[in-house]
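Each chain is listed here by its residues.
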Amino acid sequence: MEGAMATDMIPPAAAAAFLAANGWEGAAILPVAGDASFRRYFRVVDGGRSAILMDAPPPHEDPRPFITIARWLVERGFTAPAIHGVDLDQGLVLIEDFGDVRMRETVDEASDREIALYQAAIDVLIRLHQHEAGPLQPYDRTVLHREANLLTEWYCPAVGIDPDQSGYDAAWDSVFDATLAGRRVTVLRDYHAENLMLIQGSDSLGLLDFQDALAGHPAYDLVSLLQDARRDVDPALETVMLDRYKRITGAGEDFDIAYHVLGAQRNAKIVGIFTRLWRRDGKPRYPTLCPRVWRYLEHDLAHPALAPVKAWFDANIPADLRGDPMVISAR
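Residues numbered from 1 in each chain as written. Predicted model: local features only at pLDDT ≥ 70, side-chain atom pairs only at ≥ 80, totals over all residues. Heavy atoms only, no water.

**Topic: the confidence of the model for the chain**
Atomic detail in the predicted coordinates should be set aside for any region of low pLDDT. In this model, the chain carries an average pLDDT of 94, and 96% of its residues clear a pLDDT of 70 or more. Here residues 1–6 scores under 50 on pLDDT; set against residues more than four positions off or in separate chains, the count is 1 contact. (pLDDT = per-residue confidence, 0-100. Contact = heavy atoms within 4.5 Å.)

So, in structure tokens, the structure goes:
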């Protein structure tokens, strides 16, 4: 792992020429913490100005969706990074630098700001949902099933379970209708406190990590924010923020059902992804987050609309096999 980390610190070979071609010749290139993908990030510093260099190397990554949705968001008044330069052949994109102040650390260190910042994050979604969906693929039944299956593909084998796959598919299929009704909006899909930036001198929240956006149900990004896989969100705060969204938008009971169905689906997906990041990609930090995600999942399964899915989980995954798959598999 140390060798891989050292490699992550080295800028791509084409970076200097790319920066020179875009007016940043001779700028310093400094590594920035990355994410769970093949993408890497570097801060480019030249005197008093800075930008972020995204290294999204083909064929593993394609930066075009990020560029498309960033421009779509900016055109509609949202604070997404401006695009300063692009080289698709090399997978290099130079984007606006939003700094290092994330909502995550801010609310963790200053609990008195938590309500206001979550309100601001909810209000961004309210504004976003006033627009028709962008030029995106649909968040349809096929995608929902494929994502939910990450749990049976990765988590179940890791903890020694041979699941009833056909029953799993049927249970989910019986509840997905609630998430497919109504108008479609732009679903950013990874909308949470670590991807929301506090921009100096601005009241806006900067948006990041939206390259996987789809056209789907408005409840999805609320789940992403209020059932955050990376930090504990108090259930009381979740309730207050959901009530704020529903009061302002006029959303009703159908929205509540979709929220919990998408919550269960998303959390099942995340348990699978975090297990895969450990088993396939050698990233042991991620399974340690699974107990929190299981708590959210069980909360969503308790909703009456999820009864068929809850019955499957109760029959296939005992309570003592719900948690950190790395720990469970070592017993």
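**So, the side chain of Arg322**
Within the secondary structure layout, Arg322 lies in the loop between α13 (307–316) and α14 (325–329). In this structure the side chain of Arg322 is engaged in a polar contact, spanning 3.1 Å, whose partner is the backbone oxygen of Phe313. A polar contact of 3.4 Å, which involves the side chain of Arg322, links it to the side chain of Asp314. (Helix = DSSP H or I, 4+ residues; strand = E, 2+ residues; numbered from the N terminus. Polar contact = N/O pair within 3.5 Å; in protein donor to acceptor, adjacent residues only side chain to side chain.)

**A closer look at the packing of aromatic side chains**
One pair of aromatic rings is described through two measures. These are the centre distance and the angle between the planes. Overall, the coordinates contain 11 aromatic pairs when judged by the stated rule. Between Trp172 and Phe176, the ring centres sit 5.5 Å apart and the planes meet at 15°, which makes this aromatic pair stacked. Accessibility classification places Trp172 together with Phe176 in one group, the buried group. Each ring, one from Trp294 and one from Phe313, has its centre 6.1 Å from the other, and the planes form 80°; the classification is edge-to-face. A residue pair is termed long-range when its members are at least 10 positions apart, and Trp294 in helix α12 (residues 290–301) and Phe313 in helix α13 qualify at 19 residues. An identical accessibility class is assigned to Trp294 and Phe313; each is buried. Through pairs of rings, three or more aromatic residues link up here, namely Tyr155, Tyr168, Trp172, Phe176, Trp294, Trp312 and Phe313. The ring of Trp24 has Arg49 lying over it, and the distance from NZ or CZ to the ring centre is 3.7 Å. The side chain of Arg189 reaches across the aromatic face of Tyr139, ending 4.9 Å from its centre. (Phe/Tyr/Trp six-rings, centres within 6.5 Å; stacked < 30°, edge-to-face > 60°. Buried < 20%, exposed > 50% of the residue type's maximum accessible area, 1.4 Å probe, protein only. Lys NZ or Arg CZ within 6 Å of the ring centre and 35° of its normal.)

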